[in-house]
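Spelled out from the first residue to the last, the chains are:
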Amino acid sequence: MRLILLGPPGAGKGTQAKMLKEKFRVPQISTGDILRQAVKDDTELGVQAKAFMDSGQLVPDDVVIGLIEERIKQADCETGFILDGFPRTIIQAEKLAETLTEMNIAIDTVVDMEVNAEEVVSRLTGRSTCSDCGVMFHEESRPPKVPGVCDGCGGHLAQRQDDNRETILKRLEVYQESTSPLKEFYKKQGNLKTVAAGGSVEEIFSRVCEMVR
Ligand code: ADP
Ligand code: ZN
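Residues numbered from 1 in each chain as written. Chains lettered and ligands numbered in written order. Predicted model: local features only at pLDDT ≥ 70, side-chain atom pairs only at ≥ 80, totals over all residues. Heavy atoms only, no water.

*Asks:* When you look at the overall build of the protein chain in this model, what are you seeing that I'm missing?
*Replies:* A tally of helices and strands in the protein chain yields nine helices and eight strands. Over its C-alpha trace the protein chain gives a radius of gyration of 17 Å, about what one expects of a compact globule, namely 17 Å for 213 residues. By the burial criterion, 46% of the 213 residues in the protein chain qualify as buried. In the protein chain, 71% of the contacts between residues at least 6 apart in sequence involve partners at least 24 apart. Summed over its atoms, the accessible surface of the protein chain is roughly 11,100 Å², and 50% of this surface lies on carbon and sulfur atoms. Mean positive and mean negative side-chain charge positions of the protein chain (27 and 34 charges, respectively) differ by 4 Å. (Helix = DSSP H or I, 4+ residues; strand = E, 2+ residues; numbered from the N terminus. Rg over C-alpha atoms; globule rule 2.2 N^0.38 Å. Buried < 20%, exposed > 50% of the residue type's maximum accessible area, 1.4 Å probe, protein only. Contact = heavy atoms within 4.5 Å. Areas by Shrake-Rupley, 256 points an atom, 1.4 Å probe, with all protein chains shown as cover. Lys, Arg positive; Asp, Glu negative; His and termini not counted. Charge placed at Lys NZ, Arg CZ, Asp CG, Glu CD.)

*Asks:* Mind showing me how you'd approach the site of ligand 1 here?
*Replies:* In the vicinity of ligand 1 there are 19 residues, among which T31, R36, Q57, Q92 and R171 approach most closely. In the model, a nitrogen atom of ligand 1 is placed 2.8 Å from a nitrogen or oxygen of the T31 side chain. Taken by itself ligand 1 offers 550 Å² of open surface, and the protein chains cover 96% of this. The element best represented in the shell around ligand 1 is helix α2 (residues 31–41), accounting for four residues. By residue class, the composition of the shell around ligand 1 is seven nonpolar, five polar and seven charged. (Near = heavy atom within 4 Å. Polar contact = N/O pair within 3.5 Å; in protein donor to acceptor, adjacent residues only side chain to side chain. Nonpolar A, V, L, I, M, F, W, Y, C, P; charged D, E, K, R; others polar.)

*Asks:* Quick question: what am I supposed to make of unusual backbone geometry here?
*Replies:* Glycine aside, residues mostly have negative phi angles, and peptide bonds mostly take the trans form. Of the consecutive residues F86 and P87, the connecting peptide bond is found in the cis state with omega at -5°. On the secondary structure map, P87 appears in the loop between β3 (81–84) and α5 (90–102). With a phi close to 60°, D42 is a non-glycine residue in the positive phi region. Mapped onto the elements of the fold, D42 is located in the loop between α2 and α3 (44–54). Not every positive phi belongs to a glycine, and N104 is a case in point at roughly 65°. Along the chain, the position of N104 falls in the loop between α5 and β4 (109–114). Of the residues examined, N104 reaches a relative accessible area of 71% and is grouped as exposed.

*Asks:* Got a minute to help me understand the sheet that holds β3 in this structure?
*Replies:* Whether parallel or antiparallel, the strands of a sheet pair through hydrogen bonds between backbone atoms. Taken together, the five strands give an open sheet; going across it, the order is β2-β3-β1-β4-β8, and neighbouring strands pair in parallel fashion. Across the chains shown, the open sheet's two edge strands, defined by having one partner strand only, are β2 (28–30) and β8 (192–196). Each strand axis lies, on average, 20° off the axis of its neighbour in the sheet, ignoring direction. Here β2 pairs with β3 via three bridges, running parallel. Of the residues in β3, the one forming a bridge with I29 is L83. (Pairing = 2+ DSSP bridges. Axes fitted to C-alpha atoms, helices over the stretch in contact; angles between N-to-C directions.)

*Asks:* Would you explain the sheet that holds strand β5 (residues 127–130) in this entry?
*Replies:* An order of β6-β5-β7 is seen for the three strands of this open sheet, with the pairing classed as antiparallel. Strands at the two margins of the open sheet, each flanked by one partner only, are β6 (136–138) and β7 (157–158). Where β5 meets β7, two bridges bridge the pair, whose relative direction is antiparallel. What sits directly across from T129, in β7, is A158.

*Asks:* Help me understand the nonpolar core in this model?
*Replies:* For soluble globular proteins, nonpolar side chains are generally found buried alongside one another. L35, F81, L83, L96 and Y186 are the most contacted members of the largest nonpolar core, which totals 28 residues. A per-element tally of this core places helix α4 (residues 61–72) first, with six residues. Not counting chain neighbours up to four residues away, the residues in contact with L96 comprise I4, I68, I72, L83, F86, P87 and Y186. Formed by 23 residues, the second largest nonpolar core is a distinct cluster that contains V111, V121, L124 and I204. (Core = buried A, V, L, I, M, F, W, Y, C linked by side-chain atoms within 4.5 Å.)

*Asks:* Just to check I follow, could you spell out helix α9 (residues 201–212) for this structure?
*Replies:* Because an α-helix packs 3.6 residues into every turn, residues spaced three or four apart end up facing the same way. Between its terminal C-alpha atoms α9 stretches 17 Å, which fits the 16 Å expected from 12 residues at 1.5 Å a residue. Here α9 has its buried residues at I204, F205, V208, C209, M211 and V212. On an axial view of α9, the arc spanned by its buried residues comes to 160°, and they lie on one face. Away from its buried face, by an angle of more than 90 degrees, α9 presents the exposed residues E202 and E210. In this structure, the buried side of α9 is in contact with β1 (2–6), α1 (13–24), β4 and β8. (Expected span 1.5 Å × (residues − 1). Arc of directions from axis to C-beta.)

Rendered as structure tokens:
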């Protein structure tokens with residue numbers, strides 16, 4: 001299975017990618033997660049990426065392309081992978097296509113997760129993530145039993161730097177401008193499938209699974 005999850009911030013790409021990874025036993029590759037880890041570890045990559053991320057801008061193409069090329073060539077990606085948050089620009093998509101061709105492989109399905117902007121803002125402003133196990137909570141739709149503490153592992157719940165109203169609106173704008181043209185790009189290649197990304201996590205998961213079978 002070689003899959004791309006496309007959709008605006010807050011569409012639920014990360015949540016679905018984690019569930020798909022369990023079910024289909026292929027790695028989830030999230031450029032956002034890789035970059036956030038680099039920021040946390042204060043590596044050269046993290047230092048380079050931080051200001052872009054905090055302001056809701058895209059990290060430069062050559063940086064993320066380099067990351068992905070290295071990642072998909074690793075042994076655990078041989079049976080497939082789920083790309084979550086990459087590609088995000090036409091240049092990234094073209095470069096990915098080139099790399100896959102060189103590797104003699106191809107993307108099977110691009111799942112476009114559709115959700116309206118209002119829903120995105122409310123999902124993201126209320127969300128927090130466990131710093132230890134990565135599980136996500138939401139103050140309205142999935143509140144933790146104890147505020148600030150993960151139900152599963154007791155870890156500390158943190159809000160992402162970029163999950164504030166101003167930066168969320170910027171991320172949505174960047175999505176519209178730079179990422180949404182990818183729908184047309186993949187439609188032309190004939191492997192774009194659109195899924196309504198509203199409703200419960202389980203409902204969305206069963207819709208996604210229908211499409212990737
Ligand atoms: P979301 O989809 O919720 O906005 P991500 O975790 O996918 O969150 O990405 C967070 C930030 O990381 C982005 O706003 C951007 O700055 C950076 N980033 C992630 N993936 C890419 C990418 N493919 N190209 C450029 N920047 C990226
Ligand atoms: Zn946890």
